[in-house]
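Commentary on secondary and tertiary structure
Residue-level listing of the chains:
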Amino acid sequence: MSSVTVRVPAKVNVQLSVGPLREDGYHDLVNVFHAVSIFDDVVARTSDSITVAVTGEWADQVPVDDTNLAIQAARALAKHADVGYGADLVIHKSIPVAGGMAGGSADAAAALMACNELWGLGLPIDALMRIAADLGSDVPFLLMGGTALGTGRGELLTELPTTGTFHWTFATADGGLSTPSVYAECDRLRAAALTNAPSTGGSSSGVPSPGGASGGASGGVPSAGGGSTGGPGSSVGGVFSAEPDPGLLAALRAGDPHALGRHLSNDLQPAALSLRPGLAATLEAGRRLGALGALVSGSGPTCAFLAEDAAHGARLAQALPGRAPIRSTITAHGPTPGTTVL
Ligand code: C5P
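Residues numbered from 1 in each chain as written. Predicted model: local features only at pLDDT ≥ 70, side-chain atom pairs only at ≥ 80, totals over all residues. Heavy atoms only, no water.

Thoughts on the sheet that holds strand β10 (residues 303-307)
On the basis of which strands lie adjacent, the open sheet formed by 4 strands has the order β9-β10-β7-β11 and antiparallel pairing. Edge positions in the open sheet fall to β9 (293-296) and β11 (328-334), since each of these has one partner strand only. Averaged over all pairs of adjacent strands, the angle between their axes in this sheet comes to 25°, without regard to strand direction. When β9 meets β10, the two strands line up antiparallel, connected through 4 bridges. Residue pairing for β10: valine 296 is matched across the bridge by cysteine 303. (Pairing = 2+ DSSP bridges. Helix = DSSP H or I, 4+ residues; strand = E, 2+ residues; numbered from the N terminus. Axes fitted to C-alpha atoms, helices over the stretch in contact; angles between N-to-C directions.)

Listed below in structure tokens is the structure:
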């Protein structure tokens, strides 16, 4: 085979509960991933070396050197299979870059699947998932798609049952947010909340309690748990006992967008808003326009709005730009399949 094209979706997190900072620099998560119909297409062609080029709206913001996750994915696969093959990868980009929708992880997932085909390796999906987990916490989910619970740092996946289709409108922002910076800001806010209000847990100001899930997306999530054993200024270690929100799981199972809208939550949202205060106006604009739920997508700065149906989603997409400082709107639906060879 001399050319393979693979399609990979974006994700939004409908619950993102973040535990304390771990010794390895990651955070334990209860992460409910939902794949949505914003796609990057990756074309892989036979070559002597591994290269990447990018086209599309966000192309100028994607590095094409060794830091590109698709290159890293192709190299990791070649190493795993002990082959010396090359591939010229072309990414046709629609997923916002550094937007909290896992665009880089999506391209890594696509490169793994494309090169597996191109090189005729025939590795099963389980093997690809293991390589994916080493590339990034979100990469295994992008291979899998659908709706899934991710635990550990997000890489341990369990498929979740859903009914029907949910309709979303996304508001992109000018300029991305770095995921490590948003996690670091989350830790900083939690440490500051412990210092300022040691006896309250600090969630009343919209700052989540350590290990808690009161991300202020649209109300708290019940079963948040955990706590830091470090003193103020240190959030390393500690117990994390958050659970998937039963109301959220029931809404997904029933295909009930109103209930899903009420149960959306994101512990990284206060940190994203702290780094990008203008996002508060974007979320508020969507709520005023009748979105069933509004939250920052992952580490942001893309904001996600749940719509009643496709027509409502289109109305939100049309009305938002006049009311909030956003770059563009994108309508999408979920869940969608994971990485697919076209
Ligand atoms: O796994 P990935 O490379 O996508 O993670 C990017 C960064 O996000 C990590 O280096 C870490 O700072 C942060 N992160 C985290 N806890 C997670 C996932 C990511 O702190 N569970």
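Quick notes on helix α5 (residues 179-196)
Compared with an ideal rise of 1.5 Å per residue, which puts 18 residues at 26 Å, α5 spans 26 Å between its outermost C-alpha atoms and is within 8% of the ideal. Buried residues of α5: Val182, Tyr183, Glu185, Cys186, Asp187, Leu189, Arg190, Ala191 and Ala193, and no others. Its buried side turned inward, α5 meets β1 (3-21), β2 (27-47) and α8 (269-275). (Expected span 1.5 Å × (residues − 1). Buried < 20%, exposed > 50% of the residue type's maximum accessible area, 1.4 Å probe, protein only. Contact = heavy atoms within 4.5 Å.)

Some remarks on helix α1 (residues 69-81)
Between the first and last C-alpha of α1 there are 18 Å, a value that for 13 residues agrees with the 18 Å anticipated at 1.5 Å per step. What α1 keeps buried is the set Ala70, Ile71, Ala73, Ala74, Leu77 and Ala78. One face of α1 carries all of its buried residues, which in axial projection span an arc of 160°. Here the buried face of α1 lies against β3 (50-56), β4 (86-93), α2 (103-118) and α3 (125-135). Aspartate 82 lies just past α1 and shows a positive phi near 55°. (Arc of directions from axis to C-beta.)

Brief notes about the nonpolar core
Among soluble globular proteins, nonpolar side chains are generally buried collectively. Leu89, Trp119, Trp168, Phe170 and Leu260 are the most contacted members of the largest nonpolar core, which has 68 residues in total. Ranked by residues supplied to this core, first place goes to α2 with 10 residues. For leucine 260, the residues in contact, after removing those within four places along its chain, are Phe166, Trp168, Leu248, Ala251, Leu252 and Leu306. In this structure, Leu16, Leu268, Leu320 and Ala324 belong to the second largest nonpolar core, which totals 25 residues. (Core = buried A, V, L, I, M, F, W, Y, C linked by side-chain atoms within 4.5 Å.)

Looking at the site of the ligand
Surveying the vicinity of the ligand reveals the residues Gly25, Tyr26, His27, Leu29, Gly136, Ser137, Arg153, Thr179, Pro180 and Tyr183. For the ligand, a nitrogen atom lies 3.0 Å from a polar atom in the backbone of arginine 153. When isolated, the ligand has an accessible area of 450 Å², and the protein chains bury 77% of it. Sorting the residues of the shell around the ligand by element identifies β2 and α5 as the ones contributing at least two each. In terms of residue count, the dominant contributor to the shell around the ligand is α5 (3 residues). Residues that form the shell around the ligand fall into these classes: 4 nonpolar, 5 polar and 1 charged. (Near = heavy atom within 4 Å. Polar contact = N/O pair within 3.5 Å; in protein donor to acceptor, adjacent residues only side chain to side chain. Areas by Shrake-Rupley, 256 points an atom, 1.4 Å probe, with all protein chains shown as cover. Nonpolar A, V, L, I, M, F, W, Y, C, P; charged D, E, K, R; others polar.)

Some remarks on the packing of aromatic side chains
With the rule as written, the count across this model stands at 3 aromatic pairs. Seen from their ring centres, phenylalanine 33 and phenylalanine 141 are 4.5 Å apart, and the 5° between their planes marks the pair as stacked. Of the two residues, phenylalanine 33 is situated in strand β2 and phenylalanine 141 in helix α4 (residues 139-144); the sequence distance between them amounts to 108 residues. Look at phenylalanine 141 and you get buried, because its relative accessible area is 0%. Here the aromatic rings of tryptophan 168 and phenylalanine 170 are separated by 6.1 Å at their centres, their planes lie at 20°, and the arrangement is stacked. On the accessibility criterion, phenylalanine 170 (0% relative accessible area) is buried. Seen from the ring of phenylalanine 39, arginine 7 lies directly overhead, with NZ or CZ sitting 5.3 Å from the centre. The lysine or arginine in question, arginine 327, covers the ring of tryptophan 58, its NZ or CZ lying 4.0 Å from the ring centre. (Phe/Tyr/Trp six-rings, centres within 6.5 Å; stacked < 30°, edge-to-face > 60°. Lys NZ or Arg CZ within 6 Å of the ring centre and 35° of its normal.)

Points about the side chain of serine 297
Tracing the chain through its elements places serine 297 in the loop between β9 and β10. Among the residues examined, serine 297 registers a relative accessible area of 0% and is labelled buried. One polar contact links the side chain of serine 297 to the main-chain carbonyl oxygen of glycine 100, over a distance of 2.9 Å. Contacts of serine 297, omitting those with residues within four sequence positions, involve Lys11, Val12, Asn13, Gly99, Gly100, Met101, Asn266, Thr302 and Cys303.

Details of the pairing of strand β7 (residues 166-172)
Burial analysis of β7 places 6 of its 7 residues in the buried class, which makes it a mostly covered element. Relative to β11, β7 runs antiparallel, the two sharing 7 bridges. Each bridged residue has a counterpart across the sheet, and for alanine 171 the counterpart in β11 is threonine 329. The pairing of β7 with β10 spans 5 bridges and is antiparallel. Bridging across to β10, tryptophan 168 finds its partner in leucine 306.

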